[in-house]
Each structure stands twice: as C-alpha cells, then as structure tokens.
Amino acid sequence: MSAVARRSIVALKLPEDGVARFAFQFGLAFAGSILLALSSKVSVMLGPVDLSMQSLTVMLLATAFGFRLGIATVLLYLAEGAMGFPVFQGTPEKGIGLAYMAGPTAGYLVGFVLMAGVMGWAADRGWDRSVLRLAMAGLIGTIVLLGCGYAWLTVLFGHGNAWAWGVGPFILPAILKLGLAAIVPAALWAILSRE
C-alpha cells in the first residue's frame, strides 16, 4: 500500500512548513471541537444520559483527521468543557466544568477519546477507503464507547440501571451512526480518486 493510501484525508492537505502545519492543525482541532459542541446540543432524552450526535461526529472527525489530530481534537473539546464552557450535552442546565464531567456522562467522555483513537488509527492505515473495514473500526469504537459509559454508570447506579439507561437504548442508534460513519468517508475517497 502506498504512503498516500495510508494517510487520512486531512493529512493530504497539511502544509509542509512546521509553523503553518501547526497553525493549520490547531485550526482544524478548534473547528472540530466546535462541531463536537454543536453536535452535543442535538439530542433525544433517553434517561440520565441523552442520545446525541457526538459519537457520529467523533467517528467522522477522527476518520478525517487521523489518530493524533483526532485524539487532540477530542482532548481540546474536553479541556474546553473542563474550563467551564457549556460545550457538553445538557450544559449549562445540568452543570458545567469538572463537576459536570464527573457526572453520569464521564464514562462516555473518556470513551470519546478512545473511540477517536480507534477511528484515527484505522484511517491512518487506509481503512477509511473501505466501508467494511471502517464499519469494523466503528463497531470496535462503539463497543469501547458504550463499555466506558456502562462501566461508569455501573459505579453510580448499579449494573441493571447502567444497562437499561446507558447501553440498551443506544444500541440501534449506535449501529445506524456507525453505518453512516463508515459510508461517508469511503464515498468521499471515491469522489477524490476521480479527480
């Protein structure tokens, strides 16, 4: 596989100059953190943890940005939330800052970082050109995300409630989101390969 085929979509457009490259990457991470914040505000109430579009956004950003920039983007988003900016789902109504981050969504916030790592790793290896391979990465990332959320909710509410509130209602939507996250990048690569 060629070096180009092993790079994320964004990596192909990065400037070579060190300062320009860093500025471009920081701009992408900041824009990605804004997209994550916006996606957190689109939600459906399903218990103590609402269903949002964040996991889809994490998968798409990490696939486009690759491993390091994908993780950096999610970490920047978490840092913005820790500083008290209302970037999380349910903020500021349900609290802000570190107090919010230690609540019911804490496991999912950790899971976003790990999910970004899985999807970015897959993109860096060219898996984003194949719907099937990217869907497998998305499935692994989704299992990791739900596992982190479930583990923390179990600590707070017990096993039964954690499953009922934090995993069960999210299975079907998660499958739909990972399907979208697998199709969109592969379609984008198909379009780019024609140019």
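Everything below is about the structure shown above.
Description of the structure in this document. Not measured: the values here are computed from a predicted model. (Residues numbered from 1 in each chain as written. Predicted model: local features only at pLDDT ≥ 70, side-chain atom pairs only at ≥ 80, totals over all residues. Heavy atoms only, no water.)

What follows deals with the overall build of the protein chain. Counting its secondary structure elements, the protein chain contains eight helices and two strands. A globule of 195 residues ought to have a C-alpha radius of gyration of about 16 Å, and the protein chain, at 17 Å, matches this closely. Judged by the C-alpha coordinates and their principal axes, the protein chain covers about 50 × 35 × 25 Å. Looking at the 195 residues of the protein chain, the share that counts as buried comes to 45%. Summed over all atoms, the accessible surface of the protein chain reaches about 9600 Å², with 75% contributed by carbon and sulfur. A distance of 8 Å separates the average location of the 12 positive side-chain charges in the protein chain from that of its 8 negative side-chain charges. (Helix = DSSP H or I, 4+ residues; strand = E, 2+ residues; numbered from the N terminus. Rg over C-alpha atoms; globule rule 2.2 N^0.38 Å. Buried < 20%, exposed > 50% of the residue type's maximum accessible area, 1.4 Å probe, protein only. Areas by Shrake-Rupley, 256 points an atom, 1.4 Å probe, with all protein chains shown as cover. Lys, Arg positive; Asp, Glu negative; His and termini not counted. Charge placed at Lys NZ, Arg CZ, Asp CG, Glu CD.)

The full count for this structure, using the stated rule, is one salt bridge. The partner of Arg129 in a salt bridge is Asp128, with the nearest N and O atoms 2.5 Å apart. On the basis of relative accessible area, Asp128 is assigned to the buried category, the value being 0%. (Salt bridge = Lys/Arg side-chain N within 4 Å of Asp/Glu carboxyl O.)

Before going further, it helps to examine the layout of surface pockets. Size it by volume and the largest pocket reaches roughly 280 Å³. Residue lining of the largest pocket: 14 residues in total, with Ala11, Leu14, Gln25, Phe65 and Arg68 positioned closest to the centre. For the lining of the largest pocket, the secondary-structure elements that each account for two or more residues are helix 1 (18-40) and helix 3 (67-82). Here the element with the most residues in the lining of the largest pocket is helix 3; it accounts for three residues. (1 Å grid on protein atoms, 1.4 Å probe; cavity = no way out; pocket = protein on both sides within 12 Å on 5 of 7 lines; lining within 4 Å. Points joined across faces, edges and corners; volume = space filled by probe spheres on them.)

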